[in-house]
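# Examining the three-dimensional arrangement
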Amino acid sequence: MPPTSTSQRTEVVRGEGAIAQLGKLTRGLSGRKALLVTDPGIVAAGHVQAALESLKKFNIDVRVFDGARENPTTANVESGLAVAKDYQPDLFIGLGGGSSMDCAKGINFVFSCGGKMQDYWGVGKATGELLPMIAIPTTAGTGSEMQSFALISDKDTHIKMACGDKRAAAKIAILDPLLTLTQPHSVTVLTGIDAISHAVETCVTTKRSEVSVDFSCKAWKALAMNFSKVLQDATDVKARTKMQLGAAHAGVAIENSMLGAAHALANPLTAEYDIAHGQAVGLMLPHVVKYNATKCESDYQMLMKEIGQTGGGYELAELLTRFCMEGGLKVRLRDLNVEEEKLSTLADAAAVQWTGTFNPVSVDAPALLAIYEDAF
Ligand SMILES: [Fe+2]
């Protein structure tokens, strides 16, 4: 592997009950007026209240915007921006799943640098410093807390825009495993499978480095060894802790290595059929692993060895399929009502996904169609 630089610019504060540190950490970043971005489910779970209590102890003024939604859109960002313009915060807090954290980043981009969300589609488009942000994940999934990217969908075109800039990364991520206990079972499954797919895809991309592979392996081990445990016992705090750390490590890996063809294949399924991201990527990943196996066999052997198992790409693909089935997810496209005659249109859409360009074995529309057909 050629020498590369590795980015890790987010301080991690972790532990059971770590959300109680929020006030102190906000003050440490010179925050006096925080805009907390979240969604109604997180409010109902009581996590916003816990955040507010900690902020109050340090006399930090706070406004709550609970308009983040799953797969956040430019409309969600605009609503939050209106609140920010009225309130004039000096710090952002993203509390929730990837959607809340991405929405907070999105609002921060436009509030701090002006213009509209679309202006920041791509890499390094910020025109100046952004306000400091604290990310507090309540799922073990996207790893957004460790990334400089916000995924925001254009409300008109429905295109998912990856908006990334080093200055958008959270200054601090608070990893409190107790916050993940309230996830509904389906969210544990979908976000867990997503995190697993991040570990596997980042491990083999064309952009990986020795350090990113190390993060991929650490993430994979933590996630693969604990996914079944959290499904069997939602209150297993030790396993939840490992899942949360695994997702964060995978987030660091993404930041340095990007993703691969499973994400390129998943995005059109979500756009066209509204299939949840974790379901779409979890279904496609074993087929991508098989597609990549000729080139990546030794990497896949390494991942199997990491969890004390033997085998390579084939065995890894089998294991990934088992994870999906354990979580009650579908493992064939036909079972999600995807139409066979639409596969070539979907493959055309997958072929223009940026993330596919980092796949270790190059993919074009015919190759992607063959992978969809394999998964059908
Ligand atoms: Fe993902």
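Numbering of residues starts from 1 in every chain and runs along the sequence as written. Reporting in this predicted model follows two pLDDT cut-offs: at least 70 for local features of residues, and 80 or more for side-chain atom pairs to be given and counted; totals over whole chains, interfaces and linings ignore these cut-offs and use all residues. By convention in this description, side-chain values take in all heavy atoms of the structure and omit both hydrogens and water.

## Remarks on the domain arrangement of the chain
Selection rule: What counts as a domain boundary in this text is fixed by an automatic or database domain assignment. By definition in these notes, contact holds between two residues if any of their heavy atoms fall within 4.5 Å. Note on definitions: buried area is the accessible-area loss of two parts on being combined, 1.4 Å probe, summed for both. Salt bridges are defined as contacts in which a side-chain nitrogen from Lys or Arg sits within 4 Å of a carboxyl oxygen from Asp or Glu. A 3.5 Å cut-off defines polar contacts: any pair of N or O atoms within that distance qualifies, except that in protein one atom must be a possible hydrogen donor and the other a possible acceptor, and neighbouring residues in sequence count only when both atoms are side-chain atoms. Note that Gly is not counted as nonpolar here; it falls among the polar residues with everything else outside the nonpolar set of Ala, Val, Leu, Ile, Met, Phe, Trp, Tyr, Cys and Pro and the charged set of Asp, Glu, Lys and Arg.
Structurally, the chain comprises domain 1 (11–179) and domain 2 (183–375). A C-alpha centroid distance of 26 Å is found between domain 1 and domain 2. The interface of domain 1 with domain 2 comprises 22 residues on the first partner and 23 residues on the second. Three residues, Ala140, Met146 and Pro177, lead the burial of domain 1 against domain 2; their summed loss comes to 27% of the area buried on that side. Summed over the shared surface of domain 1 and domain 2, the number is 0 salt bridges. Seen at the junction of domain 1 and domain 2, the total is 2 residue pairs in polar contact (both at pLDDT 80 or more). Residue classes in the side of domain 1 that touches domain 2 are distributed as 9 nonpolar, 8 polar and 5 charged.

## Considering the sheet that holds strand S9 (residues 172–175)
Heads up, the condition is: Pairs of strands are assigned from DSSP output, requiring at least two bridges between the strands. The way it works is that DSSP assigns letters per residue, a run of H or I at least four long becomes a helix, a run of E at least two long becomes a strand, and they are numbered from the N terminus. Axes here refer to lines fitted to C-alpha atoms; in helices the fit is confined to the stretch in contact. Angles between the N-to-C directions go from 0 to 180 degrees.
Read from one edge of the open sheet, 6 strands run S1-S9-S6-S4-S2-S3, paired in parallel fashion. On the outer flanks of this sheet lie strand S1 (11–14) and strand S3 (61–65), each paired with one strand and no other. In this sheet, neighbouring strand axes are inclined to one another by 20 degrees on average, regardless of whether the strands run parallel or antiparallel. Here 4 bridges tie S1 to S9, and the two strands are oriented parallel to one another. Across the sheet, arginine 14 pairs through a bridge with leucine 175, a residue of S9. Running at roughly 160 degrees to strand S4 (residues 91–96), helix H5 (residues 98–113) makes contact with strand S2 (33–37), S3, S4 and strand S6 (133–137) of the sheet. Against the sheet, helix H8 (residues 237–257) makes contact with S1, S6 and S9, and its axis sits at roughly 155 degrees relative to S9, the strand it touches most.

## Thoughts on the pairing of S6
Definition in use: Partly exposed residues are those whose accessible area sits between 20% and 50% of the maximum for their type, while under 20% is buried and over 50% is exposed, using a 1.4 Å probe and protein chains only.
Within S6, 5 of the 5 residues are buried, which leaves the element mostly enclosed by the surrounding structure. Here S6 shows a buried face lined by Met133, Ala135 and Pro137 and a second buried face lined by Ile134 and Ile136. As defined by bridge partners, S4 adjoins S6 across 5 bridges and the pair is classed as parallel. Note on S6: the bridge partner recorded for glycine 94 is alanine 135. In the sheet, S6 pairs with S9 via 2 bridges, with the strands oriented parallel. Residue isoleucine 134 lies in a different strand from S9, and its bridge partner there is isoleucine 172.

## Looking at a positive patch on the surface
As a reminder, the rule being used: Each patch is built from salt-bridge-free residues with over 30% relative accessible area, joining like charges within 9 Å and nonpolar side chains (Val, Leu, Ile, Met, Phe, Trp, Tyr) within 5 Å. Each accessible area value is a Shrake-Rupley result obtained with a 1.4 Å probe; residue values ignore everything except the protein chains displayed when judging cover. The charge count includes Lys and Arg as positive and Asp and Glu as negative, but it does not include His or the ends of the chains. Charge placement uses NZ in Lys and CZ in Arg. For Asp and Glu, CG and CD serve respectively.
A surface patch of positive charge is lined by Arg14, Lys221, Lys229, Lys238 and Lys242. When contributions to the positive patch are tallied by element, the ones reaching two or more residues are helix H7 (210–232) and H8. Mapping lysine 221 onto the fold places it in helix H7. Since its relative accessible area comes to 40%, lysine 221 is described here as partly exposed.

## Things to note about the sheet that holds strand S5 (residues 122–123)
Taking strand neighbours across the sheet as the criterion, the 3 strands line up as S5-S8-S7 in an open arrangement whose pairing is mixed. A strand with exactly one partner marks an edge of an open sheet, and here the two such strands are S5 and strand S7 (149–153). Where S7 meets strand S8 (residues 160–164), 5 bridges bridge the pair, whose relative direction is antiparallel. The partner of alanine 150 across the bridge, within S8, is cysteine 163. Strand contacts of H5: S7 and S8, with the helix running at about 90 degrees to S7, the strand carrying the most contacts.

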